[in-house]
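Inside the fold
One-letter residues, chain by chain:
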Amino acid sequence: MNLEDLTVDGLHRSFEEQGYICEKELVITVFLALKLGKPLLVEGAPGVGKTEIAKVLSRIFDAELIRLQCYEGLDENKALYEWNYQKQLLRIQLQKESSGCEIAERDLFSYEYLLERPLLKAIRSKQLVVLLIDEVDKVEDEFEAFLFEVLSDFQVSIPELGTIAAERIPLVVLTSNRERELSDGLKRRCVYLFIDYPTVEKEVRIIQVKAPEAGERLSREVAKAVSLIRASKGVGKKPSISESIDWARALVALGAGSLTQEAAEQTLNIVLKNKEDIDTVMREVGVKALAASAQKA
Amino acid sequence: MKNNFLKTVGMCPPCCGEGGLNNLIRGLVEFVHILRRLGIKASVAETKDAVDALSWVDIMDREEVKAALRAVLAKSRYDRKVFNLAFDAYFVPPEIRRQRLELRRKRLAAKGSALQECEDQLVRAIKEDDRDWGKEILNLLYLTVEENEKMSIRPGPAKKQFFETIDRMRENSSNDPLPQAAGNAESPLTRWRRQMLKQAVKIGAVPPVKTISTGVEEQDEVIETVTSSLGVDCDSDSILHKNMKKIVDSDLPRATLLIKKLSRRLATRISRRYSRKNKRGRLDIRRTIRRNTSYGGALIDLKFQSRRKQKPRLVLICDVSGSMARYAVFVMQFIYGLSRVVKGIESFVFSEELERVTPYFKKVESFARTMSSLMEKSDQWGMGTNLHASLVAFLEKHRRLLSPAVFVIIVSDAQTIQAYQAAGDLHEIRSRVRDIIWLNTLPREAWKHSPEIIEFQKYCRMFECSTLDQLNKVLSNQMLNV
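Here's a quick rundown of the structure. For clarity, every value in this text was computed on a predicted model and none was experimentally measured. (Residues numbered from 1 in each chain as written. Chains lettered and ligands numbered in written order. Predicted model: local features only at pLDDT ≥ 70, side-chain atom pairs only at ≥ 80, totals over all residues. Heavy atoms only, no water.)

1. A look at the packing of helix α4 (residues 62–73) of chain B against helix α5 (residues 77–90) of chain B
Think of two packed helices as two axes; the pair is described by the angle between the axes and how far apart they sit. Residue and element names in this part refer to chain B. With their axes 10 Å apart at the nearest point, α4 and α5 run at an angle of 140 degrees to one another. What the angle tells us is that α4 and α5 run oblique. The handedness of the crossing between α4 and α5 comes out as right-handed. Taken together, the residues of α5 that come into contact with α4 (itself represented by R62, V65, K66, L69, R70 and L73) are R80, F83, N84, F87 and D88. (Axes fitted to C-alpha atoms, helices over the stretch in contact; angles between N-to-C directions. Helix = DSSP H or I, 4+ residues; strand = E, 2+ residues; numbered from the N terminus. Parallel < 35°, antiparallel > 145°, perpendicular 65-115°, else oblique. Left-handed = near helix turned anticlockwise from the far one by under 90°. Contact = heavy atoms within 4.5 Å.)

This is the structure we're talking about:
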């Protein structure tokens, strides 16, 4: 697909063709990010399809996906570039042994000794790329401030080489699990998208696309049960969409055609990943009521 | 096309009559102004983005316009909720807007006369029996009590209790100066106010809405509509931004879960950052190489990155007097959520005296049970406030807890007697610890009217902290930046 000819409806169709079921609102936001040339900041609970947006975009535009996985302690060396120190050392030794004269500093800090990390790779790419900066809420404030320059001007400064501007502006997708609030400066530079847990209808469609073997009935029962679990006040880690899909697959694997009480008891640990949450659901909802409510037409 | 959009889709901002693109932009700017009043930090650049965004969507389609503006103006989940309410309240047909304004005028007129009557009544009651200080204390109460709500009080049992408290304070000379009397009168006055507000809401006379006047009637109306809708919500985001004092009992399980989540997140961040290290730190290869180029590449002069910092130690001193007790419960719960990464938390509560409560938290019990047994056994909950006496007791009995690695966190609205002496105690404590972080539940705008707070600020870093969101932000920023 071509960025210039992009329309909201066309983009929506492409998302669905790629198996990404979503509302028009999500598409409009992605569309605006692409048209305004701004990074897309996607927030939401884990497992609602934030990272998937970048993957889908890379497939739609047939662009390489460059991923920067964020974590506490991530610095410029790991995100932007690093000098190939081993190669530099070898060069210094070789130079000394062969000619005996010292090597000039500018020779040592040239592109030949530069190791590109995801940000620099995205900026120097001649082709359109999708740059995924995943879980940006995990980095420290200093690194977030450093991202400002990259995301607003699409250029980076390397002291030894000067400023490097993007050859072609990448499509940037940042995701955040909201472990901490991002700075206003970063948010100001982005178009914002929040992905909530899906409605039952939407989740049925997602399960049917991702696990067609589950069939319409079982997909609906799983979606209804998961929705009920998410609504339970005391559940700490609410089930993600991928866990709903896993639950449907698990039920199919056990040969359960429907979410009966017995099937739910056997497989609840697929969708709830700690004992405290399982106990809460048992206490607040009860497996019998969960199964009955899921099976209700 | 822009005017068609306004007419056909029913998006008729009040200031946009006939007049094309400029009117639309003016309307959009006014809408952004309302959003800012509602707490959304929309910059000029984002307003420009909003205008640009409209050129890329079908402006005949209300939902597309809403989605487009939301994408560029609302940058958090809570902001989106505020945005949705504001959009629906602002972009309405002119006739609906006129009706709503008319209703508002009637409501305000009724409220105005009711408030005047109440104020007269209060002044009369205070001045009875030679209470010549009545007007002065009334003025001081203006600083500490939300004015509109305070004025909607009516006679009742709580009113009687209020005047009894004031009389008691007048008899006791130690309760001078008057600001302290006003501070202490808060608690019975709050009960009185709550009771009267309930009655007023029941008969529909006074809406429970805090008004933020912009000076433009149309904007005020939209802001009031949004704030009143936000007030009745009780999901996690609303609880996060709600004054902790106003979190009702039915929302406590949700609030507890939220605090657990927030404190766990912060604990994880601190534990990653503050690992103990005895060595000089990591080798800085880049600086080392550059430094050693002149030695022919031999690594003679090593350069190191700076040493990681250690886990913080905390001493928590919580005001649990009448106006503060509710806040203290939430703050303590948050702090104890950090116990995995914060070494040896020492906790104290105080109102008129200091009491060490650390042992309560060493028992293996749920937090709710710990707090209820603490409140049952402690004599301090709900009394008046004497920070000076409490800090003197702290310095006498617990001086050993103070060291340069310690953070002292004080949670109080700073409404205390003997404030200047307390500031002296604070000065002494400050000289012995890493820092004093004061979490003040009063709004920041009120601080400049309080000489006590200005005095306390000399010896500590004070932060506004009346919501869980503010609490989380203050602790995150301060404990990660030591």
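Once the structure has been displayed, the description carries forward.
2. Observations concerning the pairing of strand β4 (residues 406–411) of chain B
All names here are of chain B. Within β4, 6 of the 6 residues are buried, which leaves it mostly tucked inside the rest of the structure. Relative to β4, strand β1 (residues 313–319) runs parallel, the two sharing 6 bridges. Each residue of the ladder has a partner; that of L314, found in β4, is F407. With respect to chirality, the unit in which β4 leads through helix α20 (residues 419–430) into the neighbouring parallel strand β5 (residues 435–440) is right-handed. (Buried < 20%, exposed > 50% of the residue type's maximum accessible area, 1.4 Å probe, protein only. Pairing = 2+ DSSP bridges. Right-handed = clockwise from strand over helix to strand, strands pointing away.)

3. Regarding the side chain of S232(A)
Residues and elements named next belong to chain A. Take S232: it is sitting in the loop between α11 (215–231) and α12 (241–253). Among the residues examined, S232 registers a relative accessible area of 5% and is labelled buried. There is a polar contact of 2.5 Å between the side chain of S232 and the side chain of E284. The residues contacting S232, other than those within four sequence positions of it, are K238, T280, E284 and V285. (Polar contact = N/O pair within 3.5 Å; in protein donor to acceptor, adjacent residues only side chain to side chain.)

4. Quick look at the packing of helix α19 (residues 387–397) of chain B against α20(B)
Residue and element names in this part refer to chain B. Remark: α19 packs on α20, axes separated minimally by 8 Å, with the N-to-C direction vectors making an angle of 30 degrees. By the criterion of interaxial angle, the relationship of α19 to α20 is roughly parallel. Considering only the axes of α19 and α20, their crossing is left-handed. Across the interface between the two elements, L387, H388, L391, V392, F394 and L395 from α19 touch Q421, A422, D425, L426, E428 and I429 from α20. In the contact of α19 with α20, the residues fall into 8 nonpolar, 2 polar and 2 charged. (Nonpolar A, V, L, I, M, F, W, Y, C, P; charged D, E, K, R; others polar.)

5. A closer look at the packing of aromatic side chains
One pass over the full model with this rule turns up 13 aromatic pairs over all chains. Both rings, one in F31(B) and one in F83(B), keep their centres 5.6 Å apart while their planes meet at 75 degrees; by these two values the pair is edge-to-face. Of the two residues, F31(B) sits in helix α2 (residues 21–37) while F83(B) sits in helix α5, which places them 52 residues apart along the sequence. Accessibility assignment for this pair places F31(B) and F83(B) in one class, buried. Each residue in the set F31(B), F83(B), F87(B), Y90(B) and F91(B) is aromatic and connected to the rest through ring pairs, giving one cluster. A cation over a ring is seen here: R189(A) above F148(A), with NZ or CZ 4.6 Å from the ring centre. (Phe/Tyr/Trp six-rings, centres within 6.5 Å; stacked < 30°, edge-to-face > 60°. Lys NZ or Arg CZ within 6 Å of the ring centre and 35° of its normal.)

6. Here we look at the interface of chain A and chain B
Contacts between the two partners involve 48 residues from chain A, matched on the other side by 42 residues from chain B. Summed over both partners, the interface of chain A with chain B buries about 4100 Å², with 52% contributed by carbon and sulfur atoms. Looking only at chain A, the three residues that lose the most surface to chain B are E72(A), Y192(A) and K233(A), adding up to 15% of its buried area. Taken together, chain A and chain B are joined by 9 salt bridges. For K24(A), the salt bridge is made with E64(B), and the minimal N-O distance between the two is 2.8 Å. Linking chain A with chain B are 13 residue pairs in polar contact (both at pLDDT 80 or more). Of all the elements in the fold, those that place two or more residues in the side of chain A that touches chain B are α2 (24–36), α4 (76–79), β3 (81–83), α5 (85–98), α6 (105–108), α9 (184–188) and β9 (191–195) of chain A. Here the side of chain A that touches chain B is built from residues that sort into 17 nonpolar, 7 polar and 24 charged. (Buried area = accessible area lost by both parts, 1.4 Å probe. Salt bridge = Lys/Arg side-chain N within 4 Å of Asp/Glu carboxyl O.)

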